[in-house]
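# Tertiary structure, described
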Amino acid sequence: MDNVYQHFRKDEQIFIDTVMDWTRQVEEQYTPYLTPFLDPRQQYIVESVVGQSTEISLYYFGGYEDAERKRLFLSPPYFEPEQQDYNITICEINYPTKFATLSHGSILGTLTGAGINRETLGDIITDGETWQFFMDQPMLPYLLSQIESIGKIKVHLEEKSYTEIILPKDKWDSHSVIASSLRIDVVLAAAFNLSRQKSKELISSNKVKVNWNEISRPDISLGISDVISIRGFGRIKLKSIEGKTRKEKIRLELDILDRNQ
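Figured I'd write up the structure that's included with this text.

Analysis parameters
- Residues numbered from 1 in each chain as written.
- Predicted model: local features only at pLDDT ≥ 70, side-chain atom pairs only at ≥ 80, totals over all residues.
- Heavy atoms only, no water.
- Helix = DSSP H or I, 4+ residues; strand = E, 2+ residues; numbered from the N terminus.
- Buried < 20%, exposed > 50% of the residue type's maximum accessible area, 1.4 Å probe, protein only.
- Contact = heavy atoms within 4.5 Å.
- Areas by Shrake-Rupley, 256 points an atom, 1.4 Å probe, with all protein chains shown as cover.
- Pairing = 2+ DSSP bridges.
- Axes fitted to C-alpha atoms, helices over the stretch in contact; angles between N-to-C directions.
- Left-handed = near helix turned anticlockwise from the far one by under 90°.
- Nonpolar A, V, L, I, M, F, W, Y, C, P; charged D, E, K, R; others polar.
- Parallel < 35°, antiparallel > 145°, perpendicular 65-115°, else oblique.
- Salt bridge = Lys/Arg side-chain N within 4 Å of Asp/Glu carboxyl O.

Summing up its helical and strand segments, the protein has 7 helices and 15 strands in all. Projected onto its principal axes, the C-alpha coordinates of the protein cover approximately 55 × 55 × 30 Å. Residues classed as buried in the protein amount to 48% of the 261 residues present. Within the protein, contacts between residues at least 6 apart in sequence are counted, and of these 62% link residues at least 24 apart. In the structure as shown, the protein presents an accessible area of about 14100 Å², 46% of it carried by carbon and sulfur atoms.

Printed below as a string of structure tokens:
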């Protein structure tokens, strides 16, 4: 376990312990285990931990091809899940589109405020007008009975089939950048061509999240598959660390979703 811990941040040790419990359960009971929705960093940790076992296969699904948050099956060799095994349903938000505007933050805040655990929710997507989200199917009846408005906007939630998934408007672009370290303020500055001071101001003003958790420190060190959200700018996903330059700087491969384009 110490060997596993050393590759990750201290605050990730509890999740690593959870993954180890999932792994033992599959190995000892020889039955598949379906995880809750996991963010990309958590998926990477599962891959790293489970990759040490030759008796477990990993399968992923988040509701659509480019899903960010996914459910994973940790499976013995005999089991290969089908789409319905993931228990993911699609919910569309009907609202007066001509007179009101929704946002990712307002939708997520309403859902979690209604008692829905974040782990039961997948991606929230939009095509610029229509909004849909993916969730754990058994939770849908409870949600339908609870949500009548988002903020001051009256809404009606409706389950949709997989043939009715909208095409998300957001498009990620891949970029190679050079950074002096993996500190979040350094990577943020390199990704959006900002000064270090500006990136620190964004962090101190509570406009930056790492893996959907608000942060206040600029010295947090990022890892592979971390997702950074910057209000007003966009999002970054650390895809890979490509090595170092002659001047000992780090070459990073980033996926960037720029809200200003």
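Once you've had a look at it, read on.
This brings us to the sheet that holds strand E1 (residues 33-34). Two modes of strand pairing occur in sheets, parallel and antiparallel, and in both the strands are linked by backbone hydrogen bonds. The antiparallel open sheet is built from 3 strands, whose spatial order is E1-E3-E2. For this open sheet the edge positions go to E1 and strand E2 (57-61), each flanked by a neighbour on one side alone. In the sheet, E1 pairs with strand E3 (residues 71-75) via 2 bridges, with the strands oriented antiparallel. If you follow Tyr33 over to E3, its bridge partner there is Leu74. Docked against the sheet, helix H2 (residues 13-29) engages E1 and E3, running at close to 40° with respect to E3. Against the sheet, helix H3 (residues 40-50) touches E2 and E3, its axis set at about 165° to E2.

Attention shifts here to the environment of Glu129. Mapped onto the fold, Glu129 is located in the loop between strand E5 (121-126) and strand E6 (131-136). In this structure, Glu129 is in contact with Tyr95 and Thr97, ignoring residues within four places of it in sequence.

Contact pair helix H6 (residues 184-192) / helix H7 (residues 196-204): the axes reach a minimum separation of 8 Å and the direction vectors enclose 115°. Once H6 is placed against H7, the crossing between them reads as right-handed. Where H6 abuts H7, its residues Ile184, Asp185, Val186, Leu188 and Ala189 lie against Arg196, Ser199, Lys200, Leu202 and Ile203. Here the contact of H6 with H7 is built from residues that sort into 6 nonpolar, 1 polar and 3 charged.

Looking now at the packing of H2 against H3. The contact between H2 and H3 brings their axes to 10 Å, and the two run at 50°. Comparing the axis directions of H2 and H3 gives the class oblique. With respect to the hand of their crossing, H2 and H3 are arranged in right-handed fashion. Every residue of H3 that contacts H2 at Phe15, Ile16, Val19, Met20, Trp22 and Thr23 is listed here: Gln42, Ile45, Val46, Val49 and Val50. Looking at side-chain class alone, the contact of H2 with H3 contains 9 nonpolar, 2 polar and no charged residues.

Glancing now at the pattern of salt bridges. What the rule picks out here adds up to 14 salt bridges. Here Arg235 and Glu68 are joined by a salt bridge, their closest N and O atoms 2.3 Å apart. In this pair, Arg235 is assigned in strand E14 (residues 234-244) and Glu68 in the loop between E2 and E3, connecting sequence segments 167 residues apart. You'll find Arg235 and Glu68 in the same group, each marked buried. Here Lys244 and Glu248 are joined by a salt bridge, their closest N and O atoms 3.7 Å apart. As far as the burial class goes, Lys244 and Glu248 line up, both exposed. A single salt-bridge network, built from bridges that share partners, covers Arg9, Asp11, Glu12, Arg41 and Asp226.

Moving on, we come to the sheet that holds strand E9 (residues 156-160). Within the open sheet, the 4 strands sit side by side as E5-E6-E4-E9. Their pairing is antiparallel. A strand with exactly one partner marks an edge of an open sheet, and here the two such strands are E5 and E9. Looking at each pair of strands side by side, their axes are set apart by 25° on average, direction ignored. As paired strands, strand E4 (residues 88-94) and E6 are joined by 6 bridges and run antiparallel to one another. If you follow Ile93 over to E6, its bridge partner there is Trp131. Against the sheet, helix H4 (residues 104-113) touches E4, E5 and E6, its axis set at about 150° to E5.

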